[in-house]
Amino acid sequence: MNIALDLLAPYDFAFFQRGMVAATLAGALCGVLGVFVVLRGMSYIGHGLSHAVFGGAAASAVMSINFFVGAGIWGVISGVLIGRIARQKIIGADAAIGIVTTASFAGGIALLNRYGQARKSIEAVLFGSVLGVSWADIAAILAVSLAVGAIVLFAYRAFLFATFDPQVATVSGERVAAIEVILMVMLSVTILVTMRVIGTLLISALLVIPAATARMVTNSFSRMLMLSPMIGAACCLVGMNLSYHLDTSAGATIILVAAAVFTATYLLAGRRARLRVASLNHL
Amino acid sequence: MHIRRGEFVGIVGPSGSGKTSLLRAITGSLVAARGSVEVARGTRIGYVPQVESVDWNFPITVGEVLAMTRTRRHWPGTSSSERAEMAEVLDGLGLNGLEGRHIRELSGGQQQRVFVARAMFGKPDILILDEPTSGVDVRTRHEILHLLRDLHSKGSTILLTTHDLNGLASHLPRLVCLNREVIADGSPRETLIPEVLERTYGAPLHVLEHGGMPIVLDHDYASSELLRDAERQMRTEREAL
């Protein structure tokens, strides 16, 4: 009885309830997009993009522009830019992305150092801040989740075709380039609305780990697309509760839980399943 | 070069001769810098990529490979009429009952057939295959050849590129030898001859005949004693006839 009460204790706090809802939604949202990130070998792009968005967040804080508008525009532009660079493969895509995004990240830190008032706001964006989650943040995550869910469901086959076999998809008249832009925009917007919960530095893990775990469990694309958001949401739910009881950062705890789930699956799933993950490309 | 409905055409030529570029120009993914490609209005193209270009580790089942091309249906699930059509195409290619299997779990011949099935599922007017026998073993090559002959006999128009002169090209009804321009166009007996091959490949090649079929040998092998013997014997046999 006491244990049950202890476990429910954090739910007395409104900030925890908000954080809980936000994190679970963020986990599911990142789980869906993570499938495309992992299968298209864009893990590094997700990582870079979150750093690029940080620059936009800092710039909008300094210029007193609305966070979502400033960082959003910045994020979408860098997302599309990164997609272009990655596709052209003139200079090494990883090097190009590394330069663009870390420069944006460093610019953000310098701006905040020079003009920003608070160290706290840097930390909040870097590591996420559950205390700071407002209903407006939740509404933003919910809106993006619904939009992403609708787009992925509605254009499911086109997305699958363009991801699995872009060459033949082009021959068959699919607008592969447009689909790539849509994916990058969805990814940028997702990072934008979830970074306040999970934090810039940890968000890419939430994009990669649930999807990679789902990949080990199934050989079917549609099942992976269903499993990955469930794993993401469950990790966030458990991670949030643990972080309250262990008094650790929510973002870090969520990622640790996800990593533990991945490791357990890796150990239990057998050799063939492990090979499936080994075959995932990095970029 | 003109391809009519119901024809079965192979394009041969060395690497860099423009085989793939020609296919891409026909499919519309490349615009011709010179010359023009005319495709009859409303022609549906079924394109089969090289097996080597497929990501075999992608989490995807045979059924999902087929369904992905029907992007007009905006929902992940397949309708019952789609499932019936799918079963019919898979049946026709000897892949019945494999809908739920992962593409990696199939044999080499089945893997190639899945992508032929995907192209056929789109009810194409012409089937285009890029190097259908590259990177496959001898048995799979036989399977593919039989399958394509079978589809052709049922009325399919087929265009393919190949490096495999003896294993595939010599079995086709019509060959186009390409090296930046069309060097020759005709039956294997007309095109697989030393003069044409030398112009196409830029190196002397010998041609033997076995069971009425031309066999192309490259120069290194052709210079061997063994071959000279064989050629001498052929000549004597012909003279005797």
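The model shown is predicted, which means the values in this text are computed figures rather than measured ones.

(A) Quick look at the overall build of chain B. A count of helices and strands for chain B gives nine helices and eight strands. Along the first, second and third principal axes, the C-alpha atoms of chain B reach 65 × 40 × 30 Å. Taking as baseline every contact in chain B between residues at least 6 positions apart, the subset at least 24 positions apart corresponds to 63%.

(B) The arrangement of the overall build of chain A in detail. Counting its regular elements, chain A contains 14 helices and zero strands. Relative to the globule expectation of 19 Å for 283 residues, the C-alpha radius of gyration of chain A, 19 Å, shows essentially globular dimensions. Relative to its full complement of 283 residues, chain A shows a buried share of 53%. Accessible area for chain A stands at about 12500 Å²; split by element, carbon and sulfur atoms hold 68% of it. Taking the 17 positively charged and 9 negatively charged side chains of chain A as two groups, their mean positions are separated by 10 Å.

(C) Just the pattern of salt bridges, in detail. Residues and elements named next belong to chain B. Following the criterion strictly, the structure yields 14 salt bridges over all chains and no others. One salt bridge in this structure joins Glu-143 and Arg-113, with 2.8 Å as the shortest N-O distance. Remark: Arg-113 occurs in helix H4 (residues 108-121) and Glu-143 occurs in helix H5 (residues 138-153); sequence separation between them is 30 residues. According to the relative accessible area criterion, Glu-143 is partly exposed, its value standing at 25%. The class for Arg-113 is buried, based on a relative accessible area of 14%.

(D) Fine view of a nonpolar patch on the surface. Side chains of A:Met63, A:Ile65, A:Val69, A:Ile73 and A:Ile77 sit close together on the surface and give an oily, nonpolar patch of about 480 Å² of accessible area. Within the secondary structure, A:Ile65 is located in the loop between helix H3 (43-62) and helix H4 (67-88).

(E) Summary view of the pairing of strand S3 (residues 126-130) of chain B. All names here are of chain B. Counting buried positions along S3 gives five out of five residues, so the element sits mostly inside the fold. Of the two faces of S3, the one lined by Ile-126, Ile-128 and Asp-130 and the one lined by Leu-127 and Leu-129 are each fully buried. Here strand S2 (residues 45-48) pairs with S3 via four bridges, running parallel. Bridge assignment links Gly-46 to a residue of S3, and that residue is Leu-127. In the classification by handedness, the crossover that spans S3, the intervening H5 and the parallel strand S4 (residues 157-162) is right-handed.

(F) Looking closely at H3(A). Residue and element names in this part refer to chain A. Counted at 1.5 Å a residue, the expected span for H3 with its 20 residues is 28 Å, and the 30 Å between its end C-alpha atoms agrees. Among the 20 residues in H3, 16 count as buried, and that is most of the element. At the C-terminal side of H3, Ser-64 shows a positive phi close to 50°.

(G) Summary view of the sheet that holds strand S1 (residues 8-12) of chain B. All names here are of chain B. In space, the six strands of this open sheet follow the order S2-S3-S4-S1-S5-S6, with mixed pairing throughout. One side of each edge strand has no neighbouring strand; the edge strands of this open sheet are S2 and strand S6 (182-186). Taking the axes of each pair of neighbouring strands and ignoring which way they run, one obtains an average angle of 15° across the sheet. Bridge analysis of strand S5 (residues 174-178) against S6 gives four bridges, and the strand direction is antiparallel. Bridge assignment links Leu-178 to a residue of S6, and that residue is Val-182. Sitting on the sheet, helix H1 (residues 19-27) touches S1, S2, S3, S4 and S5, and the angle it makes with S3 is about 150°. Contacts between H4 and the sheet are confined to S2 and S3, with S2 contributing the most and set at about 165° to the helix.

(H) Seen up close, the packing of aromatic side chains. Under the criterion given, the structure shown has 13 aromatic pairs over all chains. Where A:Phe164 meets B:Phe115, the ring centres are 6.2 Å apart and the plane angle is 20°; that geometry is what we call stacked. Taken together, the residues span two chains, with A:Phe164 in helix H8 (residues 156-164) and B:Phe115 in helix H4. Residue A:Phe164 is classed as buried on the basis of its relative accessible area, which comes to 7%. A relative accessible area of 1% places B:Phe115 in the buried class. Across the ring face of B:Phe121, the terminal group of B:Arg70 is positioned such that the distance to the ring centre comes to 3.9 Å.

(I) Local environment of helix H12 (residues 221-246) of chain A. The end-to-end C-alpha distance of H12(A), which contains 26 residues, comes to 36 Å, matching closely the 38 Å that a straight helix rising 1.5 Å per residue would cover. One or two positions beyond H12(A), positive phi appears at A:Asp247, with a value near 55°.

(J) Examining the interface of chain B and chain A more closely. The partner chain A presents 25 residues to the 32 residues of chain B that form the contact. Summing the contributions of chain B and of chain A, the shared interface buries around 2500 Å²; its carbon and sulfur component is 63%. For the chain B face of the interface with chain A, the top three residues by lost area are B:Phe58, B:Pro59 and B:Met68, together amounting to 25%. Counting every contact that joins chain B to chain A gives two salt bridges. Its salt-bridge partner being B:Arg118, residue A:Asp165 comes within 2.6 Å of it at the nearest N-O pair. At the junction of chain B and chain A, the tally comes to 11 residue pairs in polar contact (both at pLDDT 80 or more). Of all elements in the fold, only S2, helix H2 (62-67) and H4 of chain B reach the threshold of two or more residues within the side of chain B that touches chain A.

Rules of the game
Residues numbered from 1 in each chain as written. Chains lettered and ligands numbered in written order. Predicted model: local features only at pLDDT ≥ 70, side-chain atom pairs only at ≥ 80, totals over all residues. Heavy atoms only, no water. Helix = DSSP H or I, 4+ residues; strand = E, 2+ residues; numbered from the N terminus. Contact = heavy atoms within 4.5 Å. Rg over C-alpha atoms; globule rule 2.2 N^0.38 Å. Buried < 20%, exposed > 50% of the residue type's maximum accessible area, 1.4 Å probe, protein only. Areas by Shrake-Rupley, 256 points an atom, 1.4 Å probe, with all protein chains shown as cover. Lys, Arg positive; Asp, Glu negative; His and termini not counted. Charge placed at Lys NZ, Arg CZ, Asp CG, Glu CD. Salt bridge = Lys/Arg side-chain N within 4 Å of Asp/Glu carboxyl O. Patch = residues over 30% accessible without salt bridge, like charges linked within 9 Å, V, L, I, M, F, W, Y side chains within 5 Å. Pairing = 2+ DSSP bridges. Right-handed = clockwise from strand over helix to strand, strands pointing away. Expected span 1.5 Å × (residues − 1). Axes fitted to C-alpha atoms, helices over the stretch in contact; angles between N-to-C directions. Phe/Tyr/Trp six-rings, centres within 6.5 Å; stacked < 30°, edge-to-face > 60°. Lys NZ or Arg CZ within 6 Å of the ring centre and 35° of its normal. Buried area = accessible area lost by both parts, 1.4 Å probe. Polar contact = N/O pair within 3.5 Å; in protein donor to acceptor, adjacent residues only side chain to side chain.

By themselves, these are just geometric observations and shouldn't be taken as functional.
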